[in-house]
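# Summary of structural features
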Amino acid sequence: MADTARQDETEGTGPGLRKASWRHIGPGIVVAATGVGAGDLVATLIAGSKFGYTLLWAAVVGCLIKIALAEAAGRWHLATGRTLFDGWRSLGPWTTGYFAVYVAVWGFVYGAAAMSSSALPLQALFPDVMDLKWWAVLCGVGGLVFVWFNRYAVFEKVMTLLVGVMFVVTVYLAVRVTPHLGDALAGLVPVLPGGSLIYTLGLIGGVGGTITLAAYGYWVNAKGWTDTSWMRVMRLDNRVAYITTGVFVVAMLFVGAELLHSSGIALAKGDKGLLDLSGVLADRYGTVTSKLFLIGFFATSITSLIGVWHGVSLMFADFVTHFRKRGATTGEEVAAGEREKSVPFRAYLLWLTFPPMALLFLDQPFGLVIVYGVIGAFFMPFLALTLVWLLNSDRTPREWRNGPLSNGTLAAAGLLFVVLCVQQVRELPW
């Protein structure tokens, strides 16, 4: 997000700043596509089905918050030449301990969830080929092989292609249901109908809000953007990405409002809700539209899978590097391209893929679900508040520190995520 006039003035006069150009767009598309999963689309559909267009403003606010968070992560990498984990480590050993537990437990449970989510549309498209669990295994292994043998440039191109599929499908569906634009515009006025608070907070904080926001800086470096001359480019990239995310969210809210709200149709929670929607689309608009939606569902799920396989593995590789070299003060000792070939990167890829397969064949252990829910709920407040800390300290060059707008947005995001964290912990099956 653009910061204050002070920062804009700095950008306008700073030496060597590259001109923002559409041809550079890439890391932002990757982070947006990875962060928007099938579960986010279900949450948006359910909000639309319950409240129509009333919460459209919350989806827009959510995208603005994600722009601010990703911009802050990217700005840290470019302004300091240090990675985000290096910044966290400078705040004290507690950050290392938290991240170590988080990536171990979160990766184990998320791996199974991502594989299952990617398998659901494939089984619906090809119901007689194999069981859901084996589709999930195939998706996990396919993601592993793709990330293992390809570098960032190919990864970005494939992610961009899949985002194109997502974009075409969601916009087509939004147009197909013939939205009432007058009602949609009215939904941009902030109101809170009865019983909507949790849905509102979820829309603001949930869509596109995961650990992959923290991975944005790593993808920026993998793209070859390594210093402040890329700051304008990064900001354009980030804005375009989350405007695209906003289009996804608004399109699915339109579908929920027009197709489900008006008909009183309820969806199942979780990824299976999209299969319910597929059935509704088949009944209303025919098999072709239903299958097109399932293709978009698969693109949404598989981008989250391979995005996490790549981005969080980069973060884990950086974590291991700093854990081994406690005396290092910057993240420059390992180039982004080298991380993709490193043993820690590939070890975490294996961790995301094979151990979680046990959860595909067994019910998730009760204790593991609780631990996963608790530490996962704390990550987004952790990210927002540590970015405020890092970008207001002498760890960041003065000209690239937060201004009032960034501080206000990140602080509001931190407060929002704390509220969501408390709510998520309260809803856990203790």
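This text follows the structure it describes.
Just so it is clear, the structure is predicted and the values come from calculations on it, not from any experiment.

The rules behind each value
- Residues numbered from 1 in each chain as written.
- Predicted model: local features only at pLDDT ≥ 70, side-chain atom pairs only at ≥ 80, totals over all residues.
- Heavy atoms only, no water.
- Helix = DSSP H or I, 4+ residues; strand = E, 2+ residues; numbered from the N terminus.
- Buried < 20%, exposed > 50% of the residue type's maximum accessible area, 1.4 Å probe, protein only.
- Polar contact = N/O pair within 3.5 Å; in protein donor to acceptor, adjacent residues only side chain to side chain.
- Contact = heavy atoms within 4.5 Å.
- Expected span 1.5 Å × (residues − 1).
- Patch = residues over 30% accessible without salt bridge, like charges linked within 9 Å, V, L, I, M, F, W, Y side chains within 5 Å.
- Areas by Shrake-Rupley, 256 points an atom, 1.4 Å probe, with all protein chains shown as cover.
- Salt bridge = Lys/Arg side-chain N within 4 Å of Asp/Glu carboxyl O.
- Core = buried A, V, L, I, M, F, W, Y, C linked by side-chain atoms within 4.5 Å.

For serine 49, the position within the fold is in helix α3 (residues 38-51). Judged by relative accessible area, which is 14%, serine 49 ranks as buried. Only 2.7 Å separates the side chain of serine 49 from the backbone oxygen of isoleucine 46, close enough to count as a polar contact. Look past the residues within four positions of serine 49 in its chain and what remains in contact with it is Gly256, Ala257, Leu260, His261 and Ile265.

Moving on, we get to helix α7 (residues 132-149). In a regular helix each residue adds 1.5 Å, so 18 residues correspond to 26 Å; α7 covers 26 Å between its end C-alpha atoms and thus fits that length. Along α7, the residues that are buried comprise Trp135, Ala136, Val137, Cys139, Gly140, Gly143, Leu144, Phe146 and Val147. Residues of α7 that are buried sit in contact with α6 (93-125), α8 (152-176), α14 (287-324), α16 (343-353) and α17 (357-361). By the N-cap criterion, in which a side-chain oxygen at the helix start approaches the backbone nitrogen of a residue two or three places on, α7 is capped by aspartate 131, the distance to lysine 133 being 3.0 Å.

A contiguous nonpolar surface patch, about 350 Å² in accessible area, is contributed by Val60, Leu64, Leu185 and Leu188. Locating leucine 188 in the fold gives a position in the loop between α9 (181-186) and α10 (197-206). For leucine 188, a relative accessible area of 43% translates into the label partly exposed.

Before going further, it helps to examine the nonpolar core. In terms of nonpolar packing, the biggest core is built from 113 residues, with Leu69, Leu84, Trp88, Trp309, Phe379 and Leu383 touching the most fellow members. Not counting residues within four places of it along the chain, the set of residues in contact with tryptophan 309 comprises Tyr110, Gly111, Ala114, Gly140, Gly143, Leu144, Val147, Leu349, Leu352 and Thr353. Core analysis: the next-biggest nonpolar cluster, separate from the first, contains 22 residues, Leu120, Val177, Leu281 and Leu294 among them.

As a further point, take the pattern of salt bridges. Two side chains of opposite charge can pair, provided their charged atoms sit close to one another. Going through the model one piece at a time under the given rule, you end up with six salt bridges. For arginine 75, the salt bridge goes to glutamate 71, with nearest N and O atoms at 2.8 Å. You can see arginine 75 and its partner glutamate 71 sitting in helix α4 (residues 56-80), four residues apart, about one turn around the helix. Each member of the pair, arginine 75 as well as glutamate 71, carries the same accessibility label: buried.

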